[in-house]
Amino acid sequence: MTANASLLILHPRLNAYLKPSATAILHSLNHFSQTLNPSHFSLALNRNRRFAIPRLSLSQNPRNHSSSSSSAAATQISSLNSHDNGGGGRSGALSPPPIVEAPQKIDVNPPKGTRDFPPEDMRLRSWLFENFREVSRLFGFEEVDYPVLESEALFIRKAGEEIRDQLYSFEDRGNRRVALRPELTPSLARLVIQKGKSLSLPLKWFAVGQCWRYERMTRGRRREHYQWNMDIIGVPEVTAEAELISSIVTFFKRLGITASDVGFKVSSRKVLQEVLRCYSVPENLFGKVCVIIDKMEKIPMDEIKSELSSAGISEKAIEELLQVLSVKSLSKLEEILGAAGDAVAELKQLFSLAEKFGYSEWIQFDASVVRGLAYYTGIVFEGFDRQGKLRAICGGGRYDQLLSTFGGDDIPACGFGFGDAVIVELLKEKDLLPELSPQVENIVCSLDQELQGAAASVATILRQKGQSVDLVLENKPLKWVFKRAARINASRLILVGNSEWQRGMVSVKILSTGEQYEIKFNELE
Ligand code: HAM
């Protein structure tokens, strides 16, 4: 610091800024510069060179208060200031007024499309996630997670998907292109490739994670949402899709949603593939064609046709594609495509399995379901509300070739994503939202300030026995304690009072019945 201070003082450019009297003072500062706080000095210089010395703020530095030489310097500076300004105080070239930043009023809302989760919303979210997790457990799936921030390249596919334009992506401080994940499937594929042969197939993985998409906001569509995903890796048979749909049906049933509220539209991308093959459309156009067709409900048919045509699909092929897409029954599909192809065979198998699982009434064939992500290769499905008020509740399908697009060996895979937003809208519609109130088993309170330690011991004993306790941390009147007990839905009120405590006892009140008794504090269960 000594060297640093001297350097500053001798620096010609700095001296040029200072008045002669200030320069003289600077020289006189050299002899006690050891007492200065280096961080004050350099910070002042960085902020505003012109004010370097006054912002040393000697009088505010505790180290300088103890030094007679430094307080002398402070006096010198202060007299210099009053001389320079003629008016005293802390203003002037060498002693500007302290920069008082006006408190910045911030927008207290979260960024558009994102949510806070105050306790009442968090209770609903936790309840939903517990159901996601419980259903996944019932089906024998293991939980996984991946980083919310991934390499941007993981989400860049060439098929012109909407999801790519919705990417929250940026360059990090190491000049790497990164993105907030818009979905979980590419991360899953990355992890499967990374783990390689160490994994024993099939994998049954589930995840509940936050995803980010810069979406146009509509009911049930946000810029940030949580997705429950279940994926089966390593099973080529349709049994995997049947099992996945069964898990979603199980979830709906747990929540009180029935087959008359919700259904699944099911199709297979192999339907389109078979049509395109008839017209010798190259395989590499397949993903792109699917992404265009998925927009059918969003943009006019003329635009769909012109996009398909620009992608190199002949007019005849387009006509046939559109005809097939309007089919709503498997028997009609079989009439068009014949029974020999995989598409019809797999779909028939799925419907037969649905009968065995017991959810036939939930599913229907609908060739128009294609899905907007390029990587699906086989059966695809979407959950929808039968009133038609909401966007897709969930969606998934088979993606047997995703791993090779990342340089890995292909492994058959299928899965689904289920968002946390549309389902809440549906539960509201159906009046099925659960009543979730805070739940703490005990409220413990001392009746006397001196007994707060005793109340803490009681709380500790109960917590060690697995009981939840809201310990009243201040000296509060009983009326307040009762009010709080009601707010947190406590079952028991435990009061630690002087006369009872002297006998090793506490008072217990069962709040639902009003029953009251005394008990030895260490016998509380
Ligand atoms: P997805 O259809 O893009 O598929 O999203 C799946 C579900 O996530 C949707 O059905 C919806 O419930 C929810 N979701 C998507 N975007 C939003 C949004 N902006 N706001 C609220 N909810 C949203 C996928 O993401 C695939 N990766 C699913 C998958 C997993 N396929 C195989 N495995």
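Structure first, text after, so check above.
What you are looking at is a predicted structure, and each value in this text was computed from that prediction instead of being measured.

### A closer look at the overall build of the chain
Line of reasoning, step 1. Within the chain, the regular secondary structure consists of 21 helices and 16 strands.
Line of reasoning, step 2. When contacts within the chain are restricted to residue pairs at least 6 apart in sequence, those whose partners lie at least 24 apart make up 67%.

### Side note on the sheet that holds strand E15 (residues 505-510)
Line of reasoning, step 1. Read from one edge of the open sheet, five strands run E13-E12-E14-E15-E16, paired in mixed fashion. The strands lining the two open edges of the sheet, one partner per strand, are strand E13 (469-471) and strand E16 (516-520). On average, each strand axis in the sheet is tilted by 25° relative to the strand beside it, whichever way the strands run.
Line of reasoning, step 2. Sheet topology note: the E15/E16 ladder contains five bridges and is antiparallel. Along E16, the bridge assignment pairs Val508 with Tyr517.
Line of reasoning, step 3. Contacting strand E12 (442-446), E13, strand E14 (492-496) and E15, helix H20 (residues 478-487) runs over the sheet at an angle of about 170° to E12.

### Concerning the site of the ligand
Line of reasoning, step 1. For the ligand, the set of nearby residues contains 24 residues, the closest of which are Glu183, Thr185, Arg222, Tyr376 and Ile393.
Line of reasoning, step 2. One nitrogen or oxygen atom from the main chain of Cys394 is found 3.5 Å from an oxygen atom belonging to the ligand.
Line of reasoning, step 3. Within the contact set of the ligand, a nitrogen atom lies 3.4 Å away from a backbone nitrogen or oxygen of Phe416.
Line of reasoning, step 4. When the ligand sits alone it has 660 Å² of accessible area, and the protein chains cover 96% of it.
Line of reasoning, step 5. Put simply, the parts of the chain that give the shell around the ligand at least two residues each are strand E6 (224-233), strand E10 (394-398) and strand E11 (413-419).

### Details of the layout of surface pockets
Line of reasoning, step 1. In this structure, the second largest pocket spans a volume of roughly 730 Å³.
Line of reasoning, step 2. Every residue lining the second largest pocket is counted, 24 residues in all, and those nearest its centre are Asn284, Gly287, Ala374, Tyr375 and Thr405.
Line of reasoning, step 3. Sorting the residues of the lining of the second largest pocket by element identifies helix H11 (269-278), helix H12 (286-294) and helix H17 (402-405) as the ones contributing at least two each.
Line of reasoning, step 4. For the lining of the second largest pocket, the leading source of residues is H12, giving three residues.
Line of reasoning, step 5. Its residues assigned to classes, the lining of the second largest pocket comprises 10 nonpolar, seven polar and seven charged.

### A closer look at the packing of helix H15 (residues 330-337) against helix H16 (residues 342-357)
Line of reasoning, step 1. The geometry of H15 relative to H16 is characterised by a closest axis approach of 10 Å and an angle of 165° between their N-to-C directions. Taken together, the axes of H15 and H16 lie roughly antiparallel to each other. Remark: the crossing between H15 and H16 carries left-handed chirality. Side by side, H15 and H16 meet where Leu330, Leu333, Glu334 and Leu337 of the first sit next to Val344, Leu347, Lys348 and Phe351 of the second.
Line of reasoning, step 2. For the contact of H15 with H16, the per-class residue count stands at six nonpolar, no polar and two charged.

### Concerning the sheet that holds E10
Line of reasoning, step 1. As summarised here, the arrangement of the eight strands in space is E1-E5-E6-E11-E10-E9-E7-E8, forming an open sheet in which the pairing is mixed. Strands with a single pairing partner mark the edges of an open sheet, and in this sheet they are strand E1 (142-143) and strand E8 (363-365).
Line of reasoning, step 2. Relative to E8, strand E7 (residues 262-268) runs parallel, the two being bridged by three bridges. Within E8, the position partnered with Lys265 by the bridge is Gln364.
Line of reasoning, step 3. Helix-sheet contacts for helix H10 (residues 239-255) involve E6, E7, E8, strand E9 (379-385), E10 and E11, and the interaxial angle to E11 is about 20°.

### What to know about helix H9 (residues 185-195)
Line of reasoning, step 1. Within H9, burial applies to Thr185, Pro186, Ser187, Leu188, Ala189, Leu191 and Val192.
Line of reasoning, step 2. Elements in contact with the buried residues of H9: strand E2 (149-151), strand E5 (203-212), E6 and H17.
Line of reasoning, step 3. Phi turns positive one or two residues past the end of H9, at Gly196, with a value near 50°.

### Focus: unusual backbone geometry
Line of reasoning, step 1. Residues Leu201 and Pro202 are joined by a peptide bond in cis, for which omega reads -5°.
Line of reasoning, step 2. Among the secondary structure elements, Pro202 is positioned in the loop between H9 and E5.
Line of reasoning, step 3. The phi torsion at Asn175 lies on the positive side, around 60°, for a residue other than glycine.
Line of reasoning, step 4. Relative to the helices and strands, Asn175 resides in the loop between strand E3 (168-171) and strand E4 (177-180).
Line of reasoning, step 5. Since its relative accessible area comes to 59%, Asn175 is described here as exposed.
Line of reasoning, step 6. Although it is not a glycine, Ser280 adopts a positive phi angle of roughly 50°.

### Digging into the environment of Leu180
Line of reasoning, step 1. Inspection of the secondary structure assignment puts Leu180 in strand E4.
Line of reasoning, step 2. In this structure the C-alpha to C-alpha distance between Leu180 and Ser151, which are 29 residues apart in sequence, comes to 8.6 Å.
Line of reasoning, step 3. With residues near it in sequence (within four places) discarded, Leu180 still touches Val148, Leu149, Leu167, Tyr168 and Trp212.

### Looking at the environment of Arg222
Line of reasoning, step 1. Mapped onto the secondary structure, Arg222 falls in the loop between E5 and E6.
Line of reasoning, step 2. Judged by relative accessible area, which is 24%, Arg222 ranks as partly exposed.
Line of reasoning, step 3. On a C-alpha basis, the gap between Arg222 and Cys211 in space is 9.8 Å, while along the polypeptide they are 11 residues apart.
Line of reasoning, step 4. Discounting residues that sit within four places of it in the chain, Arg222 has contacts with Gly113, Thr114, Arg115, Arg213, Glu215, Met217 and Ala421.

### Quick notes on the packing of aromatic side chains
Line of reasoning, step 1. In this structure the tally under the stated criterion is 20 aromatic pairs.
Line of reasoning, step 2. Ring geometry for Phe117 against Tyr226: centres 6.2 Å apart, planes inclined by 75°, an arrangement best described as edge-to-face. Taken as a pair, Phe117 in the loop between helix H6 (68-85) and helix H7 (119-138) and Tyr226 in strand E6 lie far apart in primary sequence, 109 residues in all.
Line of reasoning, step 3. On the basis of relative accessible area, Tyr226 is assigned to the buried category, the value being 13%.
Line of reasoning, step 4. Three or more aromatic residues joined by ring pairs make a cluster, and in this case those are Phe117, Phe129, Phe132, Tyr226, Trp228, Phe251, Phe252, Phe264, Trp362, Phe416 and Phe418.
Line of reasoning, step 5. The ring of Phe117 carries the charged tip of Arg125 above its face, separated from the ring centre by 4.5 Å.
Line of reasoning, step 6. When the ring centre of Tyr214 is taken as origin, the NZ or CZ atom of Arg223, which lies over that ring, is 3.9 Å away.

What counts as what
Here the residue numbers are simple positions, counted from 1 along each chain's written sequence. Owing to the predicted nature of the model, reporting of local features is limited to residues with pLDDT of at least 70; listing and counting of side-chain atom pairs is limited to 80 or more, with chain, interface and lining totals taken over all residues. Hydrogen atoms and water are omitted, and side-chain values are computed over all heavy atoms in the structure. Starting at the N terminus, helices and strands are each numbered in turn, a helix being any DSSP run of H or I of at least four residues and a strand any DSSP run of E of at least two. The contact criterion used throughout is that any non-hydrogen atoms of two residues lie within 4.5 Å. In this description, strands pair whenever DSSP reports at least two bridges between them. Each axis is a line fitted through C-alpha atoms, and for a helix only the stretch in contact is used; angles between axes span 0 to 180 degrees, taken between their N-to-C directions. One heavy atom within 4 Å of a molecule or strand is enough for the residue carrying it to be called near that molecule or strand. Pairing of N or O atoms within 3.5 Å defines a polar contact, subject to two protein rules: one partner must be a possible hydrogen donor and the other a possible acceptor, and residues neighboring in sequence count only if both atoms are side-chain atoms. The protein chains shown are the only cover counted for residues, whose accessible areas, like all others here, come from Shrake-Rupley with a 1.4 Å probe. As defined here, a cavity is a set of points on a 1 Å grid over the protein atoms alone where a 1.4 Å probe fits but cannot get out. A pocket is an open set with protein on both sides within 12 Å along at least five of seven lines, and residues line them when an atom is within 4 Å of a point. Grid points are joined across faces, edges and corners, and a volume is the space filled by probe spheres set on the points. Lys, Arg, Asp and Glu make up the charged group, whereas Ala, Val, Leu, Ile, Met, Phe, Trp, Tyr, Cys and Pro make up the nonpolar group; the residues left over, Gly among them, are polar. For classification, angles of less than 35 degrees are called roughly parallel, those exceeding 145 degrees roughly antiparallel, those between 65 and 115 degrees roughly perpendicular, and all remaining angles oblique. Each crossing gets its hand from how the near helix is turned against the far one by less than a right angle, where anticlockwise is left-handed and clockwise is right-handed. Three labels apply to residues, based on accessible area from a 1.4 Å probe with only protein chains included: buried if under 20% of the type maximum, exposed if over 50%, partly exposed otherwise in between. Each Phe, Tyr or Trp ring (for Trp, its six-membered ring) is paired with any other whose centre lies within 6.5 Å, and the angle between the two planes then decides the class: stacked below 30 degrees, edge-to-face above 60, tilted in between. Counted as over-ring charges are cases with an Arg CZ or a Lys NZ within 6 Å of the ring centre that also lie within 35 degrees of the ring normal.

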